[in-house]
Structures are given as structure tokens and as C-alpha cells.
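The lines below spell out each chain.
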Amino acid sequence: LARAVEPIARAYDAASVTFERPDLEEAVRFLCDFGLGRPRYVSGGVYLYAEAGYGPSVIVRQAKSARFVGPGLMVSSRDDLVALSGLPGASAIGQAEGWPEGEEVRLTDPADFIVRAVYGPRPNVPAVRERLAHNTHDAAIRVNAGQRPPQRPSSVLRLGHLVLGTVDFFKTAR
């Protein structure tokens, strides 16, 4: 399929993913072992954060059964949110879930995923990983000495991508 010649809005980054799970504690344990952190419990759910990112990277809501709810995608400007909010079935612009500085518009795609278009301030957060000593062509900092990073989950800096699967591709394609 060809790309839209004049898209209504263009997402430039993955902001978050939202799930529903019956056991929030199991979800938090898994996601923290995966490298997310700083779980913040709210009524009916929990937000988990990457080291740098746009609000929560993962939103988990309490539900009777497990399912993927949908993605949150960053748009470039508030004007994109205004344009998207004018689409049939779109929500009005509101505060982004778990991100007081952000705003969002919710849409439902043909496969019934809730797609959150999100806009807000871009984070300016440096990576927090400790650098391992290494030798360069002009400095031998480490000679015959082993080193190991700390034994802990790798830190997730931000969502880099997300993948949506669908049962009927042509139903969801334009």
C-alpha cells in the first residue's frame, strides 16, 4: 500500500504501550525484571517508566483477562492533536494518561486497538548507565583486569519501537 500523500498527522516516536492484566503484581515483576522501573500505582493500574521517555512507557490496567490495549504514539505538535480530535470517533484533547505535562487524543483503529496520539515536552534526561572502563588507541586505562557490569536487569532508556499484529490485514489497511 502506498503512503498517504497528505497525512492528517505523522507520528515520529513510540511513546508507550498499554496492557490489561488480571495480576498487576506479576506484570510489575516481569516488567521490572525486563528493565523498566519506578512503578507508580494509580487507581486500577500501574505506570512503569524507562530511564528517559515521554511519561510512562508501559501502562498496565487491572482487568479480568489479559490483552494488549494499544500504543501511544508521539506527534510533533499540538496542531496534530487538534487535527486528530476532529476525526469521527476521536476523543477531545485531554491530559495524557500518566503524564501531567502531556496531552493526548484517543482513536480506535479498525482492529479495535486504542491508539493514543500524545504530545508534550520532550525529555532531556541523560542516560544513567555507568560506563565501563575501556582502552583507546592512546590510553591503556585497563590492563589485564576483568570487569563486569552490575548484575541487575538492563536499564531501558526508552521505547525504540513497537509492533502491532492483526488477524485481518486488509480490514485494518486503508
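**Q** If you had to explain the pairing of strand β3 (residues 45-49) to someone new, which residues and values would you point to?
**A** β3 sits mainly inside the fold: 5 of its 5 residues count as buried. Residues Gly45, Tyr47 and Tyr49 point to one face of β3 and Val46 and Leu48 to the other, with burial holding for every one of them. With 4 bridges joining them, strand β2 (residues 37-42) and β3 adopt antiparallel strand pairing. Its bridge partner being in β3, Arg40 is matched across the sheet by Tyr47.

**Q** Please provide a residue-by-residue account of the pairing of strand β4 (residues 58-62), values included.
**A** Bridge count for strand β1 (residues 11-21) against β4 is 5 bridges, and the pairing is parallel. By the bridge assignment, Glu20 is partnered in β4 with Arg61. With 4 bridges connecting them, β3 and β4 associate as antiparallel partners. When the bridges of β4 are listed, Leu48 appears paired with Val58.

**Q** Talk me through the sheet that holds strand β5 (residues 67-75); I want residue IDs and the actual numbers.
**A** Sheet architecture is open: 8 strands sit in the order β2-β3-β4-β1-β5-β8-β7-β6, paired in mixed fashion. Of all the strands in the sheet, the pair left with one neighbour each is β2 and β6 (94-96). The average undirected angle you get between the axes of adjacent strands in this sheet is 30°. As defined by bridge partners, strand β7 (residues 99-108) adjoins strand β8 (residues 114-119) across 6 bridges and the pair is classed as antiparallel. Across the sheet, residue Val105 finds its bridge partner in β8, namely Ala117. Against the sheet, helix α2 (residues 78-85) engages β5, β7 and β8, with an angle of about 30° to β7.

**Q** Any chance you could break down unusual backbone geometry for me, citing the residues and the numbers?
**A** Positioned with a positive phi, Arg38 is a non-glycine residue whose angle comes to about 50°. Within the secondary structure layout, Arg38 lies in strand β2. Backbone geometry at Asp112 places phi at a positive 70°, although glycine is not the residue there. For Asp112, the position within the fold is in the loop between β7 and β8.

**Q** An account of the environment of Gly45 is needed here, citing residue identities and associated values.
**A** Position of Gly45 relative to the elements: it lies in strand β3. The buried category is assigned to Gly45, whose relative accessible area is 4%. Considered as a pair, Gly45 and Glu20 are 25 residues apart in the sequence and their alpha carbons are 8.6 Å apart. Not counting residues up to four positions away in its chain, the partners in contact with Gly45 are Leu24, Arg40, Val60, Arg61 and Gln62.

About the criteria used
- Counting from 1, residues in each chain are numbered in the order their sequence is written.
- Per-residue local features of the predicted model are confined to residues with pLDDT of at least 70, and side-chain atom pairs are confined, for both listing and counting, to 80 or more; whole-chain, interface and lining totals are unaffected and use all residues.
- Based on all heavy atoms of the structure, the side-chain values leave hydrogens and waters out of the count.
- Classification of residues uses two cut-offs on accessible area relative to the type maximum, computed with a 1.4 Å probe and protein chains only: under 20% is buried, over 50% is exposed, and between them is partly exposed.
- To qualify as a helix, a DSSP run of H or I must reach at least 4 residues; to qualify as a strand, a run of E must reach at least 2; elements of each kind are numbered from the N terminus.
- Paired strands, as defined in this entry, are two strands with at least two bridges between them according to DSSP.
- Simply put, an axis is a line fit to the C-alpha atoms, just over the touching stretch for a helix, and the angle between two N-to-C directions goes from 0 to 180 degrees.
- By the convention used here, residues are in contact when the closest approach between their heavy atoms is within 4.5 Å.

Read these as geometric descriptors, not functional statements.
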